[in-house]
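# What the coordinates show
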Amino acid sequence: MLMPVDVRRKLSLRFLVSIGLLIGSGNSCRRLSDALLSNERKGMTAQVQEPLNIGVLISGSGSNLQSLIDHIDEGTLSAKISLVVSSRPDAYGIERAKKAGIPVLVMNREAYADTSAANQRIADALKDAGAEYVVMAGYMRMVTAEILDAFPDRVVNLHPALLPSFKGAHAIEDAYNFGVKVTGVTVHFANADYDKGPIIAQQPVEVLEGEPIEALEQRIHSAEHELYPHVIQLLAEGRVSVCPETRKVNISN
Ligand code: GRF
């Protein structure tokens, strides 16, 4: 039976979430309680929970930033974006942030001449803003120890392919040119190993017969706009933890 693409997308997201919940309940990580990333949020009920304070890092269009803003406005994401950091002064995402009344730290090429100084400046600004998590949304600069150590296991990234396949900056094109039949979207914790941090969630996107890459790109971005707010909401609810022994991410129910 043929189903409209958006219906299939919704069903596959629900399927992934329920798989996550099943895996979560049968978790075998012995040190799970030590590994809870959001211990202080655990146990808070949705009603009394403070919105999760996040800083968002961007470099371009900022459509994923917009999706987070929209989900917050609609009440489906319990978060507050306290700071947007743009690595480029010409990123359209800056306009989106300003329109939503979010403070923006705008960096430029010169500011990144010293990578560790740039990362320290960003880490300080995020701390000053009270960020609990750092959310990378199309950020095209290196995130180094200055940020990673200031936010241990609290930096998340979005990648437009099913990791560990097609790492790097041209993931959609690389997967398309390879001829894969299914690609998708990955949300993972960022660490010093680029695109290799523990995977929190993935959503498959089927490559349709004969479809141009532009159409696939659009469907991948739609999947991102759905999956990323969903994962940030899981973080806000304190339901995401990493097992230090296996690196596997557990989503509790
Ligand atoms: C997204 O496809 C993301 O996966 C990748 O960069 C793109 C950013 O898009 N890392 P936008 O700036 O959020 O529109």
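See the structure printed just above.
As the structure is a prediction and not an experimental result, all values here were calculated from the model.

### Remarks on the sheet that holds strand E2 (residues 79–86)
Strand order in this open sheet of 7 strands is E3-E2-E1-E4-E5-E6-E7, and the pairing throughout is mixed. Each edge of the open sheet carries a strand with a single partner, namely strand E3 (104–106) and strand E7 (199–206). When strand polarity is set aside, the average angle formed by the axes of neighbouring strands in this sheet is 20°. For strand E1 (residues 52–58) and strand E4 (residues 133–136), the ladder comprises 4 bridges, and the chain directions are parallel. Across the sheet, residue Leu 57 finds its bridge partner in E4, namely Met 136. Helix-sheet contacts for helix H3 (residues 63–74) involve E1, E2, E4 and strand E5 (155–159), and the interaxial angle to E2 is about 160°.

### Points about the site of the ligand
As a structural note, the neighbourhood of the ligand is formed by Gly 60, Ser 61, Gly 62, Ser 63, Asn 64, Gly 138, Leu 158, Pro 160, His 221 and Glu 224. Interatomic distance of 2.8 Å between a side-chain N/O atom of Asn 64 and an oxygen atom of the ligand. Considered on its own, the ligand offers 370 Å² of accessible surface; in the complex 83% of this is hidden by protein. Those elements that provide at least two residues to the shell around the ligand are H3 and helix H8 (213–236).

### Side note on the nonpolar core
Nonpolar side chains in soluble globular proteins tend to be buried together. In this structure, Ile 54, Val 56, Ile 81, Phe 189 and Ile 232 are the most contacted members of the largest nonpolar core, which totals 45 residues. With 11 residues, the top contributor of residues to this core is H8. Other than its neighbours up to four places away in sequence, Ile 54 contacts Ala 79, Lys 80, Ile 81, Ser 82, Leu 83, Ala 131, Tyr 133, Val 135 and Ile 232. Leu 83, Val 85, Ile 122 and Phe 151 belong to the second-largest nonpolar core, a separate cluster that totals 21 residues.

### A look at the pattern of salt bridges
This structure, assessed with the given rule, holds 3 salt bridges. Arg 88 is paired through a salt bridge with Asp 90; the nearest N and O atoms lie 2.9 Å apart. For Asp 90, a relative accessible area of 53% corresponds to the exposed category. Where Arg 239 meets Glu 237, a salt bridge forms, and the shortest distance between an N and an O atom there is 2.7 Å. By relative accessible area, Arg 239 is classed as buried at 19%.

What counts as what
- Along each chain, the written sequence defines residue order, and numbers are assigned to residues from 1.
- Residue-level local features of this predicted model are given only where pLDDT is at least 70; pairs of side-chain atoms are given and counted only at 80 or more, and the full residue set underlies all totals for whole chains, interfaces and linings.
- The basis for every side-chain value is the complete set of non-hydrogen atoms in the structure, without hydrogens or water.
- Paired strands, as defined in this entry, are two strands with at least two bridges between them according to DSSP.
- Working definition: helices are DSSP H or I runs of at least four residues, strands are E runs of at least two. Numbering for both runs from the N terminus.
- Axis lines are fitted to C-alpha atoms, over the contacting stretch for helices. Their N-to-C directions set the angle, which ranges from 0 to 180 degrees.
- By the convention used here, residues are in contact when the closest approach between their heavy atoms is within 4.5 Å.
- Put simply, a residue is near a molecule or strand once any heavy atom of it comes within 4 Å of that molecule or strand.
- Whenever a nitrogen or oxygen atom comes within 3.5 Å of another N or O atom, the pair is scored as a polar contact, on the condition that within protein one atom can donate a hydrogen and the other can accept it, and that pairs from neighbouring residues in sequence are kept only if both atoms are in side chains.
- Note on areas: these come from Shrake-Rupley sampling with a 1.4 Å probe, and a residue is covered only by the protein chains present in the view.
- We call a set of buried Ala, Val, Leu, Ile, Met, Phe, Trp, Tyr and Cys residues a nonpolar core when their side-chain atoms join them within 4.5 Å.
- Only protein chains enter the area calculation, which uses a 1.4 Å probe; residues under 20% of their type maximum are buried, those over 50% are exposed, and those in between are partly exposed.
- Within this document, salt bridges are pairs made up of a side-chain nitrogen of Lys or Arg and a carboxyl oxygen of Asp or Glu, the two lying within 4 Å of each other.

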